[in-house]
Amino acid sequence: MGSARLFFVTIETTTTIRKTLCNRDCPDTCGIIATLENGRVTQLQGDKEHPVTRGFLCHRTNQFLNLQYSPDRILSPLIRRGSGFEPVSWAEAMDLIAERLLAIRAESGAASILHYRSAGGMGFVKHATSYFFELFGPVTDKQGDICSGAGEWAQISDFGDYDANDASDLLHAKEILIWGRNIHVSWPHLLPELRAAKAAGTQLTLIDPVHHRTAELCQRHWQPRPGGDFALAMGVARVLFERGWVHPDAGQWCDHLDGFRALAESRSLAEWCGEADLPVDAAEDLAQRLHQGPTTILVGWGMGRKLNGGGSVRALDALGAITGNVGIPGGSVNFEIKRRRPFDLSFVRGNAPRRLTEPLLGQEILAAKDPPIRAVWITAGNPVAMLPDSRTTAHALATRDFVVVVDNFLTDTAEHAHVILPTTTLLEDDDLLGSYGHHYVGVSQPVVERPPNVRSDLEIIQMLAERTGLASELAGDVRTWKRRILAGKLAPAGATLERLEQGPMRNPLATTMVWKDRRFATPNGRAQLMREAPPPAARPTAEFPLLLLSVSSEKSQASQWSRTPEAPLVVTVHPLAACGIADGALGRLESAIGSMTVRVRHDVQQRRDVALVPKGGSLRRGMCANALIRARLSDQGMGAALYDELVRLVPLTAPPQN
Ligand SMILES: Nc1nc2c(c(=O)[nH]1)N[C@H]1C(S)=C(S)[C@@H](COP(=O)(O)OP(=O)(O)OC[C@H]3O[C@@H](n4cnc5c(=O)[nH]c(N)nc54)[C@H](O)[C@@H]3O)O[C@H]1N2
Ligand SMILES: Nc1nc2c(c(=O)[nH]1)N[C@H]1C(S)=C(S)[C@@H](COP(=O)(O)OP(=O)(O)OC[C@H]3O[C@@H](n4cnc5c(=O)[nH]c(N)nc54)[C@H](O)[C@@H]3O)O[C@H]1N2
Ligand code: SF4
Ligand SMILES: [Mo]
């Protein structure tokens, strides 16, 4: 017997560390540290040196490698053949797209093409796609904003613009009112600031119809009726006027103080609080907190996504303005930081001949005439899953002559494409980023090589430009585009590309305080108080006793789940609102436009008129909130009334009623 010999093969592992910024639609724009072993990313961590990130990432990005290396990722251009898709070369895909778009433009005019870009990647170089479609057309674009349209409209009406203070200013606040935000889930890097303020003695109050983890951080949680915020704010205003707690000089910076007072006094305190479904104590408590400020109101975006959303945000602006909690350290009504402000995007002129309203996209595509919408280019968005009335959006896309979708995955939207173009992920992104939650600006840079057959949004639109006579207009490598966007304001102030490539920096042009000295961006420099009530919010009925709230969940970024969620959709309700369905059992959730099988979860801490589901779903897997939600606008700002849909929960044995 020969002697057994063991062979040891030493494989050397090359470990590399690379940094980038997170390009997701999130207020944090984190610094990400990627560890690579032999060219593959094995770990993602938060950058300790990034002043906002402080060394931790959220759940969804911690889990991002599941998506980066998912077997479902699209790795080659795909062309529809019959009912399926076939991989093709880039040349074949782009030749077909150019030929079809040129033909449709020649036959029906450029307005028959719709360009839709959403928030899949927040980098500014992605605006090159908008630029291309202006030059190629201009084509039809979108108007309104599914996300924050109503709230932005409110702040522009009241203060002339929207902007917010650095989070560090929260340390100056004695009171922080978190009005409709789940900080734990959707703004996790504000938590250290809130905890620091709390440790220093600041009182935190949550005003949110939903019970969620952020309630644990707060000393007080008021749980109004969904959409009851306007009424609650009016009750608060009444108390402020009655107790003489309106700032004695408020007339110096507010217009329409009398009109606002008349609005607040148009109903009794008990009536306003009844409307908000809270005791009078709630209005008194909040009035006291505004009075003994400085008080910062962190206005959530959810409140705007209502039939009375614009009016509700205006009411909060007014509470801040009349109590003097604006333009002072610790006193502010923070909606969002104007992310785009320091970037020069003037190459996009906004000259679309026609605009379709984003929240009504499906029905407006179907209704468009002279010319009809024949072709649609969708990038960085999943409108079928994320716009209300998913089935109409899907039908609208399925009935077009030609649809192109640029994405990493075969989404509910991409399923309706004629051509799908695979693009880079957040770890392969090469772009310029700002933030709507803080003032740091920076660049994302690929931390890993992208798969060979994947192209960035910029390269894709350049390939199309080459085939449509616009090559020179779209020319330039990504650094040239970054320079162009920095040239106007940031670079002269020191935020040059070379500087940002060293790491993010605070926007040197950002003010330290918004509305300093209570000077506003309105034409006369004064805050404009509201004088009219918005339309009423939806109210549950005997037929539909629950309001569907489809809000951010920890494990997904809109429809991008880090791991495929288990079907069916989980709906959380108070046990007494479960229609006799046991905790963990199946039921059916029905609205005026659809129904779906759901798994019911009981939670005694929820209101009895609320049904809670995650905001991003999957239509094809029968778990998409937007299949139940009608496409309706918020009162103002062309936002969507996403959180005003009435539903009912029924046992599976009950016959469907629609
Ligand atoms: N994990 C995660 N984080 C995200 C996202 C995500 O999908 N997942 N999305 C990102 C995006 S696109 C955005 S715009 C932001 C979203 O930011 P937000 O919309 O602020 O995020 P949510 O945490 O969904 O908060 C909505 C809150 O509004 C509350 N709400 C609903 N109706 C009412 C009401 O009538 N009155 C009051 N007072 N509150 C109400 C909900 O209970 C919820 O707590 O977050 C970003 N962050
Ligand atoms: N019911 C309900 N609906 C909602 C909301 C809600 O709270 N409830 N929230 C609303 C809000 S706040 C928002 S902002 C919208 C979000 O709506 P969308 O922006 O449509 O959301 P996502 O599902 O994140 O879709 C982004 C897509 O971009 C892709 N992507 C990622 N990176 C890139 C890239 O670099 N380039 C390209 N081309 N694609 C990329 C992703 O794979 C994903 O499919 O949803 C809205 N819809
Ligand atoms: S999604 Fe937001 S919190 Fe998560 S890593 Fe990206 S920027 Fe940070
Ligand atoms: Mo959003």
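The structure presented is a predicted model; accordingly, all values stated were derived computationally and were not measured.

*Asks:* Sorry, what's going on with the overall build of the chain here?
*Replies:* Within the chain one finds 21 helices and 29 strands. Counting only C-alpha atoms, the chain reaches 90 × 80 × 65 Å along its principal axes. Across the 658 residues that make up the chain, the buried fraction comes to 60%. Considering only contacts in the chain between residues 6 or more positions apart, those separated by 24 or more positions represent 75%. Carbon together with sulfur atoms contributes 50% to the accessible area of the chain, which is approximately 25,200 Å² in total.

*Asks:* Please clarify how the site of ligand 2 should be interpreted in this entry.
*Replies:* In the vicinity of ligand 2 there are 30 residues, among which Ser118, Met386, Asp407, Ser559 and Tyr643 approach most closely. Here a nitrogen atom of ligand 2 sits 2.7 Å away from a polar atom, N or O, in the main chain of Met386. Between an oxygen atom of ligand 2 and a side-chain N or O atom of Asp407, the distance comes to 2.6 Å. The fraction of the free accessible surface of ligand 2 (920 Å²) that becomes covered by protein chains is 96%. Within the shell around ligand 2, the residues separate by chemical class into ten nonpolar, 14 polar and six charged. Residue contributions to the shell around ligand 2 reach at least three from each of two domains, namely domain 2 (78-145 + 350-433 + 440-506) and domain 4 (546-651).

*Asks:* Which parts of the structure should I look at to understand the sheet that holds strand β10 (residues 220-222)?
*Replies:* Strand pairing in a sheet takes place through backbone hydrogen bonds and is either antiparallel or parallel in direction. Overall, parallel pairing links the five strands, which are arranged β10-β9-β8-β12-β13 in an open sheet. At either end of the open sheet lies a strand with only one pairing partner, and these are β10 and β13 (332-334). Neighbour-to-neighbour, the strand axes of the sheet open up by a mean angle of 15°, direction not taken into account. Its contacts with the sheet put helix α14 (residues 309-322) on β8 (175-179), β12 (295-299) and β13, and the angle it makes with β12 is roughly 170°.

*Asks:* It is not clear to me how the packing of aromatic side chains should be interpreted in this structure. Could you clarify?
*Replies:* Here a ring pair, both rings aromatic, is described through the centre-centre distance and the interplanar angle of the planes. A full pass over the atoms with the stated rule returns 15 aromatic pairs. Each ring, one from Phe133 and one from Trp377, has its centre 5.4 Å from the other, and the planes form 55°; the classification is tilted. Note that Phe133 is positioned in helix α4 (residues 127-136) and Trp377 in strand β15 (residues 375-379), a separation of 244 residues in sequence. For the pair shown, Phe133 and Trp377 are each scored as buried. Where Trp301 meets Tyr436, the ring centres are 5.2 Å apart and the plane angle is 75°; that geometry is what we call edge-to-face. With Trp301 in the loop between β12 and α14 and Tyr436 in the loop between β18 (431-433) and β19 (440-444), this pair connects stretches of sequence that are 135 residues apart. Among the residues examined, Trp301 registers a relative accessible area of 11% and is labelled buried. Aromatic ring contacts, followed pair by pair, group Phe132, Phe133, Phe136 and Trp377 into a single cluster. When the ring centre of Trp253 is taken as origin, the NZ or CZ atom of Arg518, which lies over that ring, is 4.1 Å away.

*Asks:* Could you clarify how one ought to interpret the domain arrangement of the chain in this entry?
*Replies:* Note: interface size is frequently given as the accessible area lost on complex formation between the parts. Each assigned domain of the chain is listed with its residue range as follows: domain 1 (15-68), domain 2 (78-145 + 350-433 + 440-506), domain 3 (160-334) and domain 4 (546-651). Distance from the C-alpha centre of domain 1 to the C-alpha centre of domain 3: 34 Å. Contact residues are listed per partner, giving eleven residues for domain 1 and eight residues for domain 3. Taken over both partners, the interface formed by domain 1 and domain 3 buries close to 730 Å², and the fraction arising from carbon and sulfur atoms is 59%. Inspection of the domain 1/domain 3 interface yields one salt bridge. Among the salt bridges present, the one from Glu193 reaches Arg54, with a minimum N-O distance of 2.9 Å. Run the count over domain 1 and domain 3 and you get five residue pairs in polar contact (both at pLDDT 80 or more).

*Asks:* How do you make sense of helix α18 (residues 457-467) when you look at a structure like this?
*Replies:* Structurally, the α-helix is built with 3.6 residues per turn, so residues lying three or four positions apart point the same way. Counting buried residues in α18 gives eight out of eleven residues, a clear majority hidden from the surface. Looking only at α18, the buried set comprises Asp457, Leu458, Ile460, Ile461, Gln462, Met463, Leu464 and Ala465. Count one or two residues on from α18 and you reach Gly469, which has phi positive near 80°.

*Asks:* Can you help me understand the environment of Cys624 in this one?
*Replies:* Within the element layout of this structure, Cys624 appears in the loop between β28 (610-614) and β29 (645-651). Through-space distance from the C-alpha of Cys624 to that of Trp253 is 46 Å; in sequence the pair is 371 residues apart. Discounting chain neighbours no more than four positions away, the residues touching Cys624 are Ala385, Ser390, Met596, Gly617, Ser618 and Leu619.

*Asks:* Looking at this structure, I do not really get the nonpolar core. What am I missing?
*Replies:* Generally speaking, a soluble globular protein has its nonpolar side chains buried in company with each other. Counting 59 residues, the largest nonpolar core has Trp179 and Leu319 as its most contacted members. With ten residues, helix α9 (residues 229-242) is the largest single contributor of residues to this core. Non-local contacts of Trp179, meaning those with residues more than four positions away in its chain, are made with Ile207, Asp229, Leu232, Leu286, Ile297, Leu298, Val299, Gly300, Met303, Leu316 and Leu319.

*Asks:* Just to check I follow, could you spell out the site of ligand 3 for this structure?
*Replies:* Around ligand 3, the structure places Cys22, Arg24, Cys26, Asp28, Thr29, Cys30, Leu57, Cys58, Arg60, Thr61, Pro188 and His189. By residue class, the composition of the shell around ligand 3 is six nonpolar, three polar and three charged.

*Asks:* Help me understand the sheet that holds β18 in this model?
*Replies:* The antiparallel open sheet is built from three strands, whose spatial order is β18-β19-β20. With one partner strand each, in any of the chains shown, β18 and β20 (505-506) form the two edges of the open sheet. Contacting β18 and β19, helix α20 (residues 478-487) crosses the sheet at an angle of about 30° to β18.

*Asks:* I tried to follow the pairing of β8 on my own but got confused; where do I start?
*Replies:* Looking along a regular strand, one sees side chains alternate from face to face of the sheet. Of all the five residues making up β8, five are buried; the element is thus mostly covered by neighbouring parts of the structure. Both faces of β8 are covered, namely the face carrying Glu175, Leu177 and Trp179 and the face carrying Ile176 and Ile178. Note that β8 and strand β9 (residues 203-207) share five bridges and pair parallel. Pairing of Leu177 across the sheet is with Thr205, part of β9. Across five bridges, the pairing between β8 and β12 is parallel.

*Asks:* Can you walk me through helix α13 (residues 280-291) in this structure?
*Replies:* Across its twelve residues, α13 extends 17 Å between first and last C-alpha, which sits within 8% of the 16 Å expected from 1.5 Å per residue. Along α13, the positions that sit buried rather than exposed are Ala282, Ala283, Asp285, Leu286, Ala287, Arg289 and Leu290.

*Asks:* Would you mind going over the pattern of salt bridges with me for this structure?
*Replies:* Two side chains of opposite charge can pair, provided their charged atoms sit close to one another. In this structure the tally under the stated criterion is 40 salt bridges. Across the pair Asp158 and Arg314 runs a salt bridge, and its minimum N-O distance is 2.6 Å. One end of the pair, Asp158, is in helix α5 (residues 149-159); the other, Arg314, is in helix α14, with 156 residues separating them in the sequence. The class for Asp158 is buried, based on a relative accessible area of 2%. One salt bridge connects Asp609 with Arg607, and the closest N-O pair in it is separated by 2.8 Å.

*Asks:* Would you mind showing me how to read unusual backbone geometry here?
*Replies:* A negative phi angle characterises most non-glycine residues, just as the trans form characterises most peptide bonds. Between Gly137 and the following residue, Pro138, the backbone shows a cis peptide bond with an omega angle of 10°. For the peptide bond that leads from Asp370 to Pro371, omega is 0°, which places it in the cis range. Checked against the element boundaries, Pro371 lands in the loop between α15 (361-367) and β15. The residue Asp277 is not glycine, and still its phi comes out positive at about 60°. Secondary-structure assignment places Asp277 in the loop between α12 (269-276) and α13. Classification of Asp277 by relative accessible area gives partly exposed; the value is 40%. Residues other than glycine seldom take positive phi values, yet Ala380 does so here, at roughly 55°. With respect to the helices, strands and loops of the structure, Ala380 is situated in the loop between β15 and α16 (383-386).

Criteria and cut-off values
- Residues numbered from 1 in each chain as written.
- Chains lettered and ligands numbered in written order.
- Predicted model: local features only at pLDDT ≥ 70, side-chain atom pairs only at ≥ 80, totals over all residues.
- Heavy atoms only, no water.
- Helix = DSSP H or I, 4+ residues; strand = E, 2+ residues; numbered from the N terminus.
- Buried < 20%, exposed > 50% of the residue type's maximum accessible area, 1.4 Å probe, protein only.
- Contact = heavy atoms within 4.5 Å.
- Areas by Shrake-Rupley, 256 points an atom, 1.4 Å probe, with all protein chains shown as cover.
- Near = heavy atom within 4 Å.
- Polar contact = N/O pair within 3.5 Å; in protein donor to acceptor, adjacent residues only side chain to side chain.
- Nonpolar A, V, L, I, M, F, W, Y, C, P; charged D, E, K, R; others polar.
- Domains from an automatic or database assignment.
- Pairing = 2+ DSSP bridges.
- Axes fitted to C-alpha atoms, helices over the stretch in contact; angles between N-to-C directions.
- Phe/Tyr/Trp six-rings, centres within 6.5 Å; stacked < 30°, edge-to-face > 60°.
- Lys NZ or Arg CZ within 6 Å of the ring centre and 35° of its normal.
- Buried area = accessible area lost by both parts, 1.4 Å probe.
- Salt bridge = Lys/Arg side-chain N within 4 Å of Asp/Glu carboxyl O.
- Core = buried A, V, L, I, M, F, W, Y, C linked by side-chain atoms within 4.5 Å.
- Expected span 1.5 Å × (residues − 1).

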